Amino acid sequence: MYNILVCDDDKEIVSAIEIYLNKQGYNVLKAFDGNECLDMLRSNTIHLVILDIMMPNKDGIETLKEIRKYKCLPVIMLSAKSEDSDKIHGLDLGADDYVTKPFNPLELIARVNSNIRRYTKLGAMSEKKSEKKENVYQTGELILDDETKKVTSEGKEIKLTATEFKILKFLMKNKGKVYSIPEIY
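The paragraphs below set out a description of the structure included in this document. Model, not experiment: these values are computed from the prediction. (Residues numbered from 1 in each chain as written. Predicted model: local features only at pLDDT ≥ 70, side-chain atom pairs only at ≥ 80, totals over all residues. Heavy atoms only, no water.)

## Here's the deal with the overall build of the protein chain
Logical step 1: Across its full length, the protein chain holds eight helices and nine strands.
Logical step 2: Oriented by its inertia axes, the alpha-carbon framework of the protein chain measures out at about 65 × 30 × 30 Å.
Logical step 3: Here the protein chain, with 185 residues, has 37% of them falling under the buried criterion.
Logical step 4: Working note: accessible area of the protein chain is about 10800 Å², and carbon and sulfur atoms make up 51% of it.
Logical step 5: Separation of charge centres in the protein chain, based on 29 positive and 30 negative side chains, amounts to 6 Å. (Helix = DSSP H or I, 4+ residues; strand = E, 2+ residues; numbered from the N terminus. Buried < 20%, exposed > 50% of the residue type's maximum accessible area, 1.4 Å probe, protein only. Areas by Shrake-Rupley, 256 points an atom, 1.4 Å probe, with all protein chains shown as cover. Lys, Arg positive; Asp, Glu negative; His and termini not counted. Charge placed at Lys NZ, Arg CZ, Asp CG, Glu CD.)

Encoded structure:
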């Protein structure tokens, strides 16, 4: 399941987008200004951001600039501004797509699906998966990073005790082998 972060100060728009994305099987996280968006990106695995341009505290343009300093993931800009110069500016700053309000929800979903497909199959996420680090073990969607001591499943972090972590690491390093309980310990 992919995590989509929807950031817009209009809570009704966020709720409507959430309904459509949930129907497509996406997990939706919500933020209502740029600062919340950046906090959510730091503390969650996000696969795509839908970002409004005009928001209080930190607008979408400033938020996009911050995102691009440390993240390579698809960002779809939402805006009531439909001038070509506004679209070009957003795309030049690093947005992957631009949708003007009011928008057709089905078109937005199609754009989300397209960007997720490109990101996961062809882009940064597929490159990340193909980079084999010695300290990262993966089985399906279960990923154990021995360097950061984090375990994730389907993009969500799993909290483990130190002993559970060591056992999981041992089992992932020795995939396909059968051990008795005393051998594991």
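## Overview of the layout of surface pockets
Logical step 1: Taken as a whole, the second largest pocket spans an internal volume of roughly 180 Å³.
Logical step 2: Lys149, Leu160, Thr161, Ala162 and Phe165 are the residues nearest the centre of the second largest pocket, which is lined by 13 residues in total.
Logical step 3: Taken together, the elements giving at least two residues each to the lining of the second largest pocket come down to strand E8 (150-153), strand E9 (156-158) and helix H7 (162-173).
Logical step 4: The element best represented in the lining of the second largest pocket is H7, accounting for four residues. (1 Å grid on protein atoms, 1.4 Å probe; cavity = no way out; pocket = protein on both sides within 12 Å on 5 of 7 lines; lining within 4 Å. Points joined across faces, edges and corners; volume = space filled by probe spheres on them.)

## What to know about the side chain of Glu18
Logical step 1: Checked against the element boundaries, Glu18 lands in helix H1 (residues 11-23).
Logical step 2: By relative accessible area, Glu18 is classed as buried at 19%.
Logical step 3: Glu18 has contacts with Val28 and Lys30, leaving out every residue within four places of it along the chain. (Contact = heavy atoms within 4.5 Å.)

## Observations regarding the pairing of strand E7 (residues 142-145)
Logical step 1: Judged from the four bridges that link them, strand E6 (residues 136-139) and E7 form a sheet pairing that is antiparallel. Across the sheet, Gln138 pairs through a bridge with Ile143, a residue of E7.
Logical step 2: Count of turn residues in the E6/E7 antiparallel hairpin: two residues, of which Gly140 carries a positive phi of about 60°.
Logical step 3: Sheet analysis places E7 next to E8, joined by four bridges and oriented antiparallel. Bridging across to E8, Ile143 finds its partner in Thr152.
Logical step 4: The hairpin formed by E7 and E8 contains four residues between the paired strands, and Lys149 there has a positive phi angle of roughly 60°. (Pairing = 2+ DSSP bridges.)

## Considering the sheet that holds strand E1 (residues 3-7)
Logical step 1: In space, the five strands of this open sheet follow the order E2-E1-E3-E4-E5, with parallel pairing throughout. Two strands bound the open sheet, and with one partner strand each, they are strand E2 (27-31) and strand E5 (97-100). Strand-to-strand, the axes of this sheet are offset by a mean angle of 20°, without reference to chain direction.
Logical step 2: One ladder, built from four bridges, connects strand E4 (residues 75-79) with E5; its direction is parallel. Across the sheet, Ile76 pairs through a bridge with Asp97, a residue of E5.
Logical step 3: Across the sheet, helix H3 (residues 60-70) is in contact with strand E3 (48-52) and E4; its angle to E4 comes to roughly 175°. (Axes fitted to C-alpha atoms, helices over the stretch in contact; angles between N-to-C directions.)

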